[in-house]
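One-letter residues, chain by chain:
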Amino acid sequence: MFPPLPNPPTQTTAPKFGPADLMRRSASTVTPPAQRQTEVAKLIDISKCIGCKACQVACNEWNELTPPIGDNFGVYQNPSDLLPDQWTLMRFTEWDNPQTGNLEWLIRKDGCMHCEDPGCLKACPAPGAIVQYTNGIVDFISENCIGCGYCVKGCPFNIPRISKTTHKAKKCTLCSDRVAVGQGPACAKACPTQAIVFGTKDDMKKWASGRVDDLKSRGFANAGLYDPAGVGGTHVMYVLPHADQPQLYANLPADPKIDPLVGVWKGKGKVAGLGAMALAVLAGVLHYLKNGPEVATEEDERKAKSLVDGAV
Amino acid sequence: MTNAWTDIKNTDLVVIMGGNAAEAHPCGFKWVTEAKATRGAKLVVVDPRFTRSAAVADYYAPIRQGTDIAFLFGVINYCMQNNKVQWEYLKSFTNAAFLVNDGFGWADGLFTGYDETKRDYDRSTWSYQIGPDGYALVDETLQNPRCVWNLLKEHVAKYTPEMVERICGTPKDKFLKIAAMIAETSSPTKAMTSMYALGWTQHSKGSQNIRTMAMLQLILGNIGIRGGGMNALRGHSNIQGLTDLGLMSNLIPGYLNIPKETEATFDAYMSTRAYKPLRPNQISYWQNYKKFFVSFMKSMWGDAATAENNWAYDYLPKLDVPDYDVLRAFDMAFNGKMNGYVMQGFNPLQAFPNKAKLAAGLSKLKFLVVIDPLETETARFWENHGPHNPADTKAIQTEVIQLPSTCFAEDEGSLVNSGRWLQWHWAAAAPPGKAMSDIWIMAQLHKRLKALYEKEGGALPDPIVKLKWPYANPDDPTPDEIAREMNGYTLSAQYDPKDATKMTLDKGKQLPGFAALKDDGSTACFCWIYSGCYTEAGNMMARRDNTDKDNVGLFPNWSYSWPANRRILYNRASADLNGKSWDASRKLIEWDGAKWSGYDVPDMLPTAKPQDVGPFIMNAEGTSRLFTLGMMREGPFPSHYEPFESPVANVIAPKIRGNPVARVFPNDLAQMANTGDAEYPYAATTYRLTEHFHYWTKNVYQNAVAQPEFFVEISEQLAKEKGVQHGGWVRVWSKRGSVNAKAVVTKRIKPLVCDGKAIHVVGIPIHWGFVGLTKPGYPANTLTPFVGDANTQTPEFKAFLVNIEAIAAPTA
Amino acid sequence: MLSPQIHDSYPVAVDRYSGLTRLNHWINAFFFVALVLSGLAFYSPYTYFLSGLFGGGANARMLHPWFGVIVTISFLFLFFRFVGGNGWKPRDTAWMKNPGAVLSGDEEALPEAGKYNAGQKIVFWSMTMLIIIMIATGLVIWDQYFAAYTSIEVKRAAVLIHSVAATAAIIVLIIHIYAAIWVWGSIGAMTSGRVTGGWAWRHHRKWLRDLVAGRVDGDMPKA
């Protein structure tokens, strides 16, 4: 059994990390502290998950989210998608394994992956609306959010959602408020089967390797850890029984990376654009300085007058 | 549970059949994932649907609902054929060697003594051969053709893998794979746990489903050991407490019985409760019945219960029928034979079968009292909610009184979990509005009834007028006071039986346990099995010490486990005939030459020699029973019976419909589809979803979000046949009612082939109604048949027949 | 017969833009600038401060697409007002072939321009194209109302195209404004509506000749 985190202290404690521990800040430059905090991670073990949605409900309870009571639309999954007020969602996939002939019911807890190289943060135009702490948590700071939805485009996992009412981008915070006082995320706390565990990233990788060994012993030859390198690794990782085919799990991207379009848009493209604009202005100034104004002369006026007079 | 939730981590093989632990018991299921993760245990799931449990199983096989006995007999047969038997355990700890009465037999699906008109048996031949010494005869070589083992062998021989496939629809290869996995646990160093729930109980032969698995577990030597056992997963947090406390019309707390009409005198009552040992040296603990009974009577009526008046035996009601279960009560209401109904934490309009009949019954009551923390459909049965509750309000004259009560988190008390742990809890919140605790409400009723009886007399006022009510505030007894009473206390000073001058316990002290109970009226205890839970040392149920020596999974200082804080029942059977553990790594208790000791409280007299005294001390044989004499209404062995509504005839006994001894009221039989009925061709089953708890959580916002709307599940094949769209609307109807629902079309239900016929399964979750935050929906009991298990009257919710069609979305 | 646009005085005054056209232009100009400034707020961290002009980033985000809608509609009117004079002619091609003369203002070396010279026509047509591109891609990324209609992949492309088009449009705008500043009298054309005959002679001689020949500019109200 993974040792559960102790209960929180009853007295107020100083947060373990805060604004001084920023590694990245959207649309701004920060100087990261010299000492990076120990990287944390949440490990979601698909092979232990029973799809009970306790994580979903715990998330809503802790974060005081009240998504609408919707409809059944032919599957167990509900609500039908991530929402501004539904930050994590169990996605259910029925898959006939062609190799074994057995049905597998693949249940994946979807939510923010807390990428080491977060596409949302890269895309965000609002200074400080998205921050990354040195422990790896990527957090949305609502008061700085302008609701433009660029994070949605930047995210390789299709996670952020923009509220139609508050116009703020919302997603899993990895319970940064809980982690700051030594607690694990609410979902991990609520998970009855320890399919979700939380700790340092190194510990999570070690724990995962034990789980992968167990799965391999049960015939899942391609079991593995999902910690995609394309986004620099993630601070939410999955143990996948079929790690060779992540897309089986409700289209988990096989090789997620920040889309090159976003890279162009948010990378050198912007600098080049501003440069071009500045050059245009500069060219005008230089041209003016060199040529002076273009003025109609007395001569022009006379010629015009004579043209008009000639016609009269 | 014979074992505890925490003990499941010790198993090698988890068999979930007749339940869906991941779905309905997700918190307890952690011990399954723990066993898998740390011991490499395997999980097998056998279910008509590929469930959430199956999602994390190592092996899954489908089964047609209501055919579990055939499947399990198939496994028993497989074990017998392949010598996968824990022989030493079988010979010493079961009644395999006992010789059975020559008159006993089985033919055409019936045991000897059947009376078709009474739908009951004369059970006189269901007995052992008794020797001249008064003890049962045994043949330890198992050679005698009349020994239980050989009779059982003959009885199960027809359940070949082919027959299992024919009855259950389980493909032979899948059946054999599972049989082989189970059979491996016949090794003394391997354990299998059986986790089951309503998937076994809610059948007209539910008790026999469980019994068949218990027999298999005994043959494999998996009872009484760590990681083994028969583990009933109880559906409510305190439903174990409900049965323990005898909240049945025929029970007294602690599994004592209410007398029958034929037992008019105390002597007559006790004469069938002597429990003389059937083998030499055996304990036959029920010999103490009188101590438990008298202590109960003293707890109830105090000084009014005396030796002279047979401990107030006459105060007890005498049953004129086997029991007044809920089905009978509603049948009586339906027939206008009931005036009033007091419902406490009970929503039968959703929870019992045939909603239309229930509503008709409720409509004929003069008054209905509903004591509940929540708004229930039952309390609102008279309201018209369109198709979801088509009541004719004007025609209903029933006066409904709602008394809002507290929820579990708003008062203190104990809850008994599936593992028999009495866990004390404390109030976490103040009750809302004018809600009052159930205790307060009952105290008020008591006070007023007592006053009425005192004033007006009546035929027999004594049971009420003389009821002992020893609470500091008679208007509001505290849970603590009641818990102390439950444990029991001395009415006079107790002395050492060996030295009459030595006082062991003064008057008015809490008893240390049920061993201290007396039949002389000097002790009072209203639930003997709980005795020990609140001693002079304090409230044992409130203990929260989670130390677990050597990680054995017993947690002996956490709360209190009845009986006697024993965590694993029959734990004596974890050791061999010499008292050594079968498996040293699974040590529970061992014999050290003088006494039993170990991790758990021995389920044995501490000084009883292992070679002499059998481990099943509650049984007169000292052994467990593969042959259960006359204790089950269907017979000493189980037998495969189809559900009352079945898509196919019983291939073992084609003439028999349903369970031949199950009670069916005539008007209900008329409302059942025939076997293989063309108008109702599909095999339906009902079940719970993890997102909801019965009919409560539809009142809770987050649960309503997680599963908002009523649906039914069908296979892709049936959907195609019926033109049903994924997420489209369907109408499902039985001979009793009709529901409209969203369709979840799934690969997780696949058509089965039974006796050459394709059987489509229709799955119907139960959670919706016309009260609550979820979208209004139909409860599953609109469809289900009004018949119960022959022994317990648990309704047959798991197997019945329906038809289905695609419909247009209803207009709002 | 002189066009009534020509007022025979000294210097000669020529009506270039009607009141409605000027109003239309300045509405367009105002909202285009607002559009540019609000858009630049999310264009780059260096320009985010511009969101302050609109009461913060959230307001800028909310207003920007509405500015875009206004600009599109306003430009649509402008388009129909101007499109007649913006047909590409062989003389425009010749004009384009002598950038040295264009940049040094040596218009005697260039073919006589009609109401619009080739440079103005390029501004007109590139703005037309860019506005079409920006409104189209802008709607795709206007999440408040249209998030559900396209995939994220499409949105990603849209946002990039939108940015590139915006960059181009801003550069075109800079050229447009610079030209108006450089060529004295141009701003007056869009404020008072009038230019001098000399201005017309110098920069749009063909236009002047046409007016003198009695043709009426399509932009002006019919007499």
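Described below are features of the structure shown in this document. (Residues numbered from 1 in each chain as written. Chains lettered and ligands numbered in written order. Predicted model: local features only at pLDDT ≥ 70, side-chain atom pairs only at ≥ 80, totals over all residues. Heavy atoms only, no water.)

## Remarks on the overall build of chain A
Next, step 1: A count of helices and strands for chain A gives 9 helices and 11 strands.
Next, step 2: Expected size for 312 residues packed as a compact globule is a radius of gyration near 20 Å; at 27 Å, chain A overshoots this value by more than 25%.
Next, step 3: The dimensions of chain A, computed from C-alpha atoms along their principal axes, are 100 × 50 × 40 Å.
Next, step 4: The buried share of chain A, taken over its 312 residues, is 56%.
Next, step 5: Of the roughly 12800 Å² of accessible surface on chain A, a fraction of 58% belongs to carbon and sulfur atoms.
Next, step 6: With 33 positive and 31 negative side-chain charges, chain A shows a spacing of 3 Å between the two charge centroids. (Helix = DSSP H or I, 4+ residues; strand = E, 2+ residues; numbered from the N terminus. Rg over C-alpha atoms; globule rule 2.2 N^0.38 Å. Buried < 20%, exposed > 50% of the residue type's maximum accessible area, 1.4 Å probe, protein only. Areas by Shrake-Rupley, 256 points an atom, 1.4 Å probe, with all protein chains shown as cover. Lys, Arg positive; Asp, Glu negative; His and termini not counted. Charge placed at Lys NZ, Arg CZ, Asp CG, Glu CD.)

## Points about the overall build of chain C
Next, step 1: Scanning chain C for helices and strands turns up 10 helices and 3 strands.
Next, step 2: For chain C, the succession of helices and strands along the chain, N to C, is β-β-α-α-α-α-α-α-α-α-β-α-α.
Next, step 3: Taken over the C-alpha atoms alone, chain C extends approximately 60 × 35 × 30 Å along its principal axes.
Next, step 4: Here chain C, with 223 residues, has 50% of them falling under the buried criterion.
Next, step 5: Of the contacts made within chain C by residues no fewer than 6 positions apart, 71% connect residues no fewer than 24 positions apart. (Contact = heavy atoms within 4.5 Å.)

## So, a nonpolar patch on the surface
Next, step 1: Taken together, the side chains of Leu279, Val281, Leu282, Val285, Leu286 and Leu289 of chain A define a hydrophobic patch exposed on the protein surface, amounting to about 580 Å² of accessible area.
Next, step 2: For leucine 286 of chain A, the location among the structural elements is in helix α8 (residues 268-291). (Patch = residues over 30% accessible without salt bridge, like charges linked within 9 Å, V, L, I, M, F, W, Y side chains within 5 Å. Salt bridge = Lys/Arg side-chain N within 4 Å of Asp/Glu carboxyl O.)

## Quick notes on unusual backbone geometry
Next, step 1: The amide bond that connects asparagine 78 of chain A to the next residue, proline 79 of chain A, takes the cis arrangement and shows omega of -5°.
Next, step 2: Note that proline 79 of chain A resides in the loop between α1 (54-62) and β3 (89-96).
Next, step 3: Cis geometry marks the peptide bond from tryptophan 562 of chain B to proline 563 of chain B; its omega dihedral reads -10°.
Next, step 4: Within the chain, glutamate 64 of chain A stands out as a residue other than glycine whose phi angle is a positive 55°.
Next, step 5: Relative to the assigned elements, glutamate 64 of chain A resides in the loop between α1 and β3.
Next, step 6: According to the relative accessible area criterion, glutamate 64 of chain A is exposed, its value standing at 69%.

## What to know about the interface of chain A and chain B
Bring the parts together and some accessible area is lost; that lost area is often taken as the interface size.
Next, step 1: In this complex, chain A contributes 39 residues to the contact, which on the side of chain B involves 49 residues.
Next, step 2: For the pairing of chain A and chain B, the buried interface totals around 3500 Å² over both sides, and the portion due to carbon and sulfur atoms is 56%.
Next, step 3: When residues of chain A are sorted by the area they lose upon contact with chain B, Ile69, Tyr76 and Arg218 of chain A head the list and together hold 22% of the total.
Next, step 4: Remark: the boundary between chain A and chain B carries 6 salt bridges.
Next, step 5: Arginine 748 of chain B is the salt-bridge partner of glutamate 94 of chain A, the closest N and O atoms lying 2.8 Å from each other.
Next, step 6: Seen at the junction of chain A and chain B, the total is 20 residue pairs in polar contact (both at pLDDT 80 or more). (Buried area = accessible area lost by both parts, 1.4 Å probe. Polar contact = N/O pair within 3.5 Å; in protein donor to acceptor, adjacent residues only side chain to side chain.)

## Focus on the sheet that holds strand β2 (residues 13-15) of chain C
Residues and elements named next belong to chain C.
Next, step 1: Here we have 3 strands laid out as an open sheet, ordered β1-β2-β3, and antiparallel in their pairing. The sheet terminates laterally at β1 (6-7) and β3 (194-196), the two strands that pair on one side only.
Next, step 2: Note that β2 and β3 share 3 bridges and pair antiparallel. Residue pairing in the sheet places valine 14 in a bridge with valine 195 of β3. (Pairing = 2+ DSSP bridges.)

## Some points on the packing of aromatic side chains
Next, step 1: All chains considered together, the criterion is met by 73 aromatic pairs over all chains.
Next, step 2: Taking 5.7 Å as the distance between ring centres and 80° as the angle between the ring planes, the aromatic pair formed by phenylalanine 79 of chain C and tryptophan 125 of chain C counts as edge-to-face. Of the two residues, phenylalanine 79 of chain C is situated in helix α2 (residues 57-82) and tryptophan 125 of chain C in helix α5 (residues 118-140); the sequence distance between them amounts to 46 residues.
Next, step 3: Exposure remark for tryptophan 125 of chain C: the relative accessible area of 33% places this residue in the partly exposed category.
Next, step 4: Grouping aromatic residues by their ring pairs yields a cluster made of Phe266, Tyr269, Tyr275, Tyr285, Trp286, Tyr289, Phe292, Phe293, Tyr313, Phe514 and Trp528 of chain B.
Next, step 5: Directly above the ring of tryptophan 106 of chain B sits lysine 158 of chain B, whose terminal nitrogen or CZ lies 4.1 Å from the centroid.
Next, step 6: Above the ring of tyrosine 324 of chain B, the side-chain terminus of arginine 328 of chain B is found at 6.0 Å from the ring centroid. (Phe/Tyr/Trp six-rings, centres within 6.5 Å; stacked < 30°, edge-to-face > 60°. Lys NZ or Arg CZ within 6 Å of the ring centre and 35° of its normal.)

## Here we look at helix α8 (residues 172-183) of chain B
Next, step 1: The end-to-end C-alpha distance of α8 of chain B is 16 Å, a good match for the 16 Å that 12 residues give at a rise of 1.5 Å each.
Next, step 2: All of the buried residues along α8 of chain B are Lys174, Phe175, Ile178, Ala179, Met181, Ile182 and Ala183 of chain B. (Expected span 1.5 Å × (residues − 1).)

## Let's talk about the pairing of strand β2 (residues 42-46) of chain B
Residue and element names in this part refer to chain B.
Next, step 1: By the criterion of burial, β2 is predominantly enclosed, with 4 of the 5 residues buried.
Next, step 2: Direction of pairing for strand β1 (residues 13-17) relative to β2: parallel, over a ladder of 5 bridges. Looking at the pairing, valine 15 lines up with valine 44 of β2.
Next, step 3: Where β2 meets strand β3 (residues 59-61), 3 bridges bridge the pair, whose relative direction is parallel. Looking at β3, one finds that valine 44 is bridged to tyrosine 59.

## Here we look at the pattern of salt bridges
Next, step 1: Tallying each qualifying case throughout the model produces 67 salt bridges over all chains.
Next, step 2: Linking lysine 305 of chain A and aspartate 8 of chain C is a salt bridge whose minimum nitrogen-to-oxygen distance equals 2.5 Å. With one member in each of two chains, lysine 305 of chain A in helix α9 (residues 298-311) and aspartate 8 of chain C in the loop between β1 and β2 form a pair that bridges those chains.
Next, step 3: Lysine 305 of chain A sits in the buried class, given a relative accessible area of 18%.
Next, step 4: Here lysine 698 of chain B and glutamate 377 of chain B are joined by a salt bridge, their closest N and O atoms 2.5 Å apart. Here lysine 698 of chain B, found in the loop between β26 (682-687) and α21 (701-706), pairs with glutamate 377 of chain B, found in the loop between β13 (367-372) and β14 (399-404); they are 321 residues apart in sequence, far enough to count as distant. Here lysine 698 of chain B and glutamate 377 of chain B have matching classes, each one buried.
Next, step 5: The structure contains a network of salt bridges with shared partners spanning Asp45, Arg211, Asp214 and Arg218 of chain A together with Lys36 and Asp58 of chain B.

## Observations concerning the pairing of strand β19 (residues 499-505) of chain B
Within a regular beta strand, the side chains point alternately toward one face of the sheet and then the other, so they alternate between its two faces.
Residues and elements named next belong to chain B.
Next, step 1: Two elements, strand β18 (residues 494-496) and β19, share 3 bridges in a ladder whose sense is antiparallel. By the bridge assignment, tyrosine 495 is partnered in β19 with methionine 503.
Next, step 2: The antiparallel hairpin formed by β18 and β19 contains 2 residues in its connecting segment.

## A short note on the packing of α5 of chain C against helix α7 (residues 152-182) of chain C
All names here are of chain C.
Next, step 1: One can describe the packing of α5 onto α7 by two numbers: an axis separation of 8 Å at closest approach and a directional angle of 150°. One way to sum up the angle between α5 and α7 is to call them roughly antiparallel. Of the two possible hands of crossing, α5 and α7 adopt the one that is left-handed. For the pair α5 and α7, the contacting residues are Val123, Ser126, Met127, Leu130, Ile133, Met134, Thr137, Gly138 and Val140 in the first and Val154, Lys155, Ala158, Ile161, His162, Ala165, Ala166, Ala168, Ala169, Val172, Leu173 and His176 in the second.
Next, step 2: For the contact of α5 with α7, a count of residues per class yields 15 nonpolar, 5 polar and 1 charged. (Axes fitted to C-alpha atoms, helices over the stretch in contact; angles between N-to-C directions. Parallel < 35°, antiparallel > 145°, perpendicular 65-115°, else oblique. Left-handed = near helix turned anticlockwise from the far one by under 90°. Nonpolar A, V, L, I, M, F, W, Y, C, P; charged D, E, K, R; others polar.)

## Quick word on the sheet that holds strand β5 (residues 130-133) of chain A
Residues and elements named next belong to chain A.
Next, step 1: A sheet is described by the order of its strands in space; here 3 strands give the open sequence β1-β5-β6, paired in antiparallel fashion. Strands with a single pairing partner mark the edges of an open sheet, and in this sheet they are β1 (22-25) and β6 (138-140). Going across the sheet, the axis of each strand differs from the next one's by a mean of 25°, ignoring polarity.
Next, step 2: Sheet analysis places β1 next to β5, joined by 3 bridges and oriented antiparallel. Across the sheet, leucine 22 pairs through a bridge with tyrosine 133, a residue of β5.

## Observations regarding the side chain of threonine 170 of chain B
Next, step 1: Here threonine 170 of chain B is to be found in the loop between α7 (161-168) and α8.
Next, step 2: Discounting chain neighbours no more than four positions away, the residues touching threonine 170 of chain B are Ala61, Pro62, Ile63, Phe71, Val164, Glu165 and Phe175 of chain B.

## Digging into the interface of chain C and chain A
Next, step 1: Contacts between chain C and chain A engage 53 residues on the former and 52 residues on the latter.
Next, step 2: Interface area, chain C with chain A, both sides summed: about 4600 Å², of which 67% is carbon and sulfur.
Next, step 3: Counting the contacts that link chain C with chain A gives 5 salt bridges.
Next, step 4: Across the chain C-chain A interface, the total number found is 27 residue pairs in polar contact (both at pLDDT 80 or more).
Next, step 5: A per-element tally of the side of chain C that touches chain A places α7 of chain C first, with 14 residues.

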